[in-house]
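Analysis of the macromolecular model
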Amino acid sequence: MTDRDADTEPTRQCSTDPHLPDVPVMTDAALQDRVEELIQRAFRRQLWTLFFDDEGYQLLMMPMADYPGAPDGPTPEGTAAQLLANRVAYVCDFIGATRVAFAWERRGPEQSTPVDREWACGLAAACRNEHVEVWSQFIVHDGGVRWFARDDDA
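The rules behind these values
Residues numbered from 1 in each chain as written. Predicted model: local features only at pLDDT ≥ 70, side-chain atom pairs only at ≥ 80, totals over all residues. Heavy atoms only, no water. Helix = DSSP H or I, 4+ residues; strand = E, 2+ residues; numbered from the N terminus. Buried < 20%, exposed > 50% of the residue type's maximum accessible area, 1.4 Å probe, protein only. Contact = heavy atoms within 4.5 Å. Areas by Shrake-Rupley, 256 points an atom, 1.4 Å probe, with all protein chains shown as cover. Lys, Arg positive; Asp, Glu negative; His and termini not counted. Salt bridge = Lys/Arg side-chain N within 4 Å of Asp/Glu carboxyl O. Phe/Tyr/Trp six-rings, centres within 6.5 Å; stacked < 30°, edge-to-face > 60°. Lys NZ or Arg CZ within 6 Å of the ring centre and 35° of its normal. Pairing = 2+ DSSP bridges. pLDDT = per-residue confidence, 0-100.

Description of the overall build of the protein chain
Helix and strand counts for the protein chain come out as five helices and seven strands. Going from the N terminus to the C terminus, the protein chain shows its helices and strands as α-α-β-β-β-β-α-β-α-β-β-α. A burial count over the protein chain gives 42% of its 154 residues as buried. Of the contacts formed within the protein chain by residues at least 6 apart in sequence, a portion of 68% connects residues at least 24 apart. On the protein chain, roughly 8,600 Å² of surface is accessible, and the fraction owed to carbon and sulfur atoms is 52%.

Take a look at the structure:
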């Protein structure tokens, strides 16, 4: 190592996953681009949670297959949505994430279904109760990725 190397600041590596881009996501359009880049289209039913810090760096991306059929289904810790929001809040605290985005992957057309809307609304509400900021939600369908309309998940 030379003296010049010692004076150079290391490249910021925020993600714990070397496969995640180390470029901050600052806008809604950039967020959709990120989801499209990473997930592309649906292959199975699962929920992706993307965790971001306050500078827009993506810290983690976590898939969850086989989530319950309805957000209000009972668990030992409340509803399924409450349990999931609790776990998301825990991960946020653990890794220093300040907001999340959800991508609902499922086979089918881009139009949202009643189950899609029920889960989006239920999880958004449960996250608010856990003081987790949900940046946005997406539907990952057979043809690609679409923004879940804010009217759908409010």
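Focus: the side chain of Arg99
Its location among the elements puts Arg99 in strand S5 (residues 99-105). It is Glu133 that comes nearest to the buried, bridge-free Arg99 among opposite-charge side chains, at 4.0 Å. Apart from residues no more than four positions distant in its own chain, Arg99 is found in contact with Val25, Leu50, Phe51, Phe52, Glu133 and Trp135.

Quick word on the pattern of salt bridges
For the coordinates displayed, the defined rule picks out three salt bridges. Across the pair Glu77 and Arg87 runs a salt bridge whose closest N-O atoms are separated by 2.7 Å. In this pair, Glu77 is assigned in the loop between strand S3 (74-75) and strand S4 (78-79) and Arg87 in helix H3 (residues 80-95), connecting sequence segments 10 residues apart. We classify Glu77 as partly exposed; its relative accessible area is 45%. For the salt bridge of Asp142 with Arg107, the shortest nitrogen-to-oxygen distance reads 2.7 Å.

Side note on the packing of aromatic side chains
Tallied over the entire structure, the rule returns seven aromatic pairs. Ring geometry for Tyr67 against Trp119: centres 5.3 Å apart, planes inclined by 85°, an arrangement best described as edge-to-face. Separated by 52 residues along the polypeptide, Tyr67 in the loop between strand S2 (58-65) and S3 and Trp119 in helix H4 (residues 114-129) bring together distant segments of the chain. Comparing Tyr67 with Trp119 shows no difference in burial state: the two are buried. Centroid distance Phe138 to Trp147: 4.8 Å. Interplanar angle 80°. Geometry classified as edge-to-face. Judged by its relative accessible area of 0%, Phe138 is buried. Of the aromatic side chains, those joined through ring pairs into one cluster are Tyr67, Phe102, Trp104 and Trp119. A cation sits over an aromatic face here: Arg99 above Trp135, 3.6 Å from the ring centre. Positioned above the aromatic ring of Phe148 is the side chain of Arg146, whose terminal nitrogen or guanidinium carbon lies 5.9 Å from the ring centre.

Section: unusual backbone geometry
The residue Asp66 is not glycine, and still its phi comes out positive at about 60°. Structurally, Asp66 can be placed in the loop between S2 and S3. Of note, His131 is a non-glycine position whose phi angle comes to about 60°, a positive value. With respect to the helices, strands and loops of the structure, His131 is situated in the loop between H4 and strand S6 (133-141).

Remarks on the pairing of strand S7 (residues 144-147)
Pairing analysis gives four bridges linking S6 to S7, with the strands arranged antiparallel. Looking across to S7, one finds that Val140 is bridged to Val145.

Things to note about the confidence of the model for the protein chain
Looking at the protein chain as a whole, its pLDDT mean stands at 84, while 83% of the residues score no less than 70. Element-level pLDDT for the protein chain is lowest in helix H1 (residues 3-7), with a mean of 41, against a maximum mean of 96 in H3. Considering only residues more than four positions removed or in separate chains, one finds that residues 1-15, a stretch of pLDDT under 50, has 14 contacts.

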